[in-house]
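Listed here are the chains, written in short residue letters.
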Amino acid sequence: MTSVYITNQQIQVVVGTASQSGIAVRRVMTEPLPEGCMLNGAIINPTEISQRLSALFKREKLSGNVHLVIDSSDVHTRVMETPILSERPLREYLQIELQELDPMRDPLIDYMVLDPRTEAGGGLVLAAQMERTLVGDYLALFSEAKITVESIIPALAAVIDLAQHHKLLADDTCILSVFDGSMMTQILFVEGKYRFSKRIRLMNEFGTDALVEELERSFSSLLQFYRTEQRTTPLSSVYFCGFPGDVGAQFVRFLDTLGIRITALPEDAFVQTDNQCRLSDSLYVIGNLLAST
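Residues numbered from 1 in each chain as written. Predicted model: local features only at pLDDT ≥ 70, side-chain atom pairs only at ≥ 80, totals over all residues. Heavy atoms only, no water.

Caption draft 1: Here's a closer look at the packing of aromatic side chains. Applying the stated criterion across every chain yields a total of 12 aromatic pairs. A centroid spacing of 5.2 Å and a plane angle of 75° characterise the contact between Phe206 and Phe243, whose relative ring orientation is edge-to-face. With a gap of 37 residues between them, Phe206 in the loop between strand E13 (193–201) and helix H5 (209–228) and Phe243 in the loop between strand E14 (237–241) and helix H6 (249–256) connect regions that are remote in the sequence. Looking at Phe206, the relative accessible area reads 27%, which means it is partly exposed. Taken together, the ring pairs in this structure connect Phe179, Phe206, Phe219, Phe240, Phe243, Phe251 and Phe254 into an aromatic cluster. (Phe/Tyr/Trp six-rings, centres within 6.5 Å; stacked < 30°, edge-to-face > 60°. Helix = DSSP H or I, 4+ residues; strand = E, 2+ residues; numbered from the N terminus. Buried < 20%, exposed > 50% of the residue type's maximum accessible area, 1.4 Å probe, protein only.)

Take a look at the structure:
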């Protein structure tokens, strides 16, 4: 299986296999993108990206269909309680509900089951919708590169699926922070279950005190949200993914005073990689191998 994720800075490609017993990553490839080709999941320069995508696949002798993972603020997700329904009626139910809650002109809708039967007797799903034009832009990009896309899933779904199998995350109450250039996505898990996420555009440069202060404000806001939920389980960890360089001693001390440890997302036996690939640097594209199985 070939998984592809296009970040603001590069094309990531992973070839591997996945099942409920584990993920085996066989090859990892990247192709840098000039600044401005992608912005927050939106394709700005399709010609340049298509050419680089085609060159990467030719150089690495890749063939066959690909599974694409997308991270964009134009992909809207929400946790929803639903009646117990089979797939087709459930999609119809979600389409009606989402159009009332978050209307789009021509949406495509998907979902993943978080809990098949809750204590209230219904189901719990992560519903996702995006404009059909967004998907069309990606399909046109890959078509120009002579590559067939077999499936597309939101990045959040890939992370949630992987977290359910990651030994450390399966029961943890933590924040997973994923960085892509100036974008940061914060994902809150409570006792291993997805609770909330938000995307933030960072306004300050990495390696500056201003960025540390910006991170402190952002995490303080998320921690305040967690406290208002009146949760009894303490939030124990913050895991960083894709952060360029040192997070800064000041920020580490800030979290330490709250009793929260910070580290890069550790490797896990569920994901078998070589020394050239770290899970924390390739979270979306590796998680997609499992989610697309």
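Caption draft 2: Expanded view of the sheet that holds strand E2 (residues 10–19). Read across the open sheet, the six strands follow the order E10-E6-E1-E2-E3-E16; overall the sheet is mixed. Taken across any chain shown, the strands that pair with only one partner, and hence form the sheet edges, are strand E10 (149–154) and strand E16 (271–272). Pairing analysis gives three bridges linking strand E1 (residues 2–6) to strand E6 (residues 66–70), with the strands arranged parallel. In the strand pairing of E6, Val4 is matched with Leu68. (Pairing = 2+ DSSP bridges.)

Caption draft 3: Spotlight on the nonpolar core. Core analysis: the biggest nonpolar cluster contains 38 residues, and Ile23, Leu176, Phe189, Leu283 and Ile286 have the highest contact counts within it. The element that contributes the greatest number of residues to this core is helix H4 (residues 155–163), accounting for eight residues. Among residues more than four places away in sequence, those in contact with Ile286 are Val14, Ile23, Val25, Val271, Thr273, Cys277 and Leu279. Listed in part, the 28 residues of the second largest apolar core include Val15, Cys37, Ile49 and Leu53. (Core = buried A, V, L, I, M, F, W, Y, C linked by side-chain atoms within 4.5 Å. Contact = heavy atoms within 4.5 Å.)

Caption draft 4: Up close: H6. For H6, every residue scored as buried is listed here: Phe251, Phe254 and Leu255. One side of H6 carries all its buried residues, which in axial view fall inside an arc of 90°. Exposed and oriented more than 90 degrees from the buried face of H6 are Arg253 and Asp256. Where the residues of H6 are buried, they touch H5, E14 and strand E15 (261–264). (Arc of directions from axis to C-beta.)

Caption draft 5: How the structure looks around the side chain of Ser237. Tracing the sequence through the fold places Ser237 in strand E14. Side chain to side chain, Ser237 and Arg261 meet in a polar contact 3.2 Å long. Contact partners of Ser237, with chain neighbours within four places excluded, come to Asp172, Thr173, Cys174, Ile175, Ile260 and Arg261. (Polar contact = N/O pair within 3.5 Å; in protein donor to acceptor, adjacent residues only side chain to side chain.)

Caption draft 6: Highlighting the sheet that holds E13. Within the open sheet, the five strands sit side by side as E13-E12-E11-E14-E15. Their pairing is mixed. Two strands lie at the open edges of the sheet, namely E13 and E15, each paired on one side alone. For this sheet, the mean inter-axis angle between neighbouring strands, taken without regard to orientation, is 20°. Packed on one face of the sheet, H4 meets strand E11 (174–180), strand E12 (183–190) and E13 and runs near 40° to E12. (Axes fitted to C-alpha atoms, helices over the stretch in contact; angles between N-to-C directions.)

Caption draft 7: Layout of the pairing of E2. Within E2, seven of the 10 residues are buried, which leaves it mostly tucked inside the rest of the structure. Linking E1 back to E2 in an antiparallel pair, the connection comprises three residues. Where E2 meets strand E3 (residues 22–32), 10 bridges bridge the pair, whose relative direction is antiparallel. Counted as the bridge partner of Gln10 is Pro32 from E3. Taking the residues that link successive antiparallel strands as the turn, the E2-E3 hairpin has two residues.

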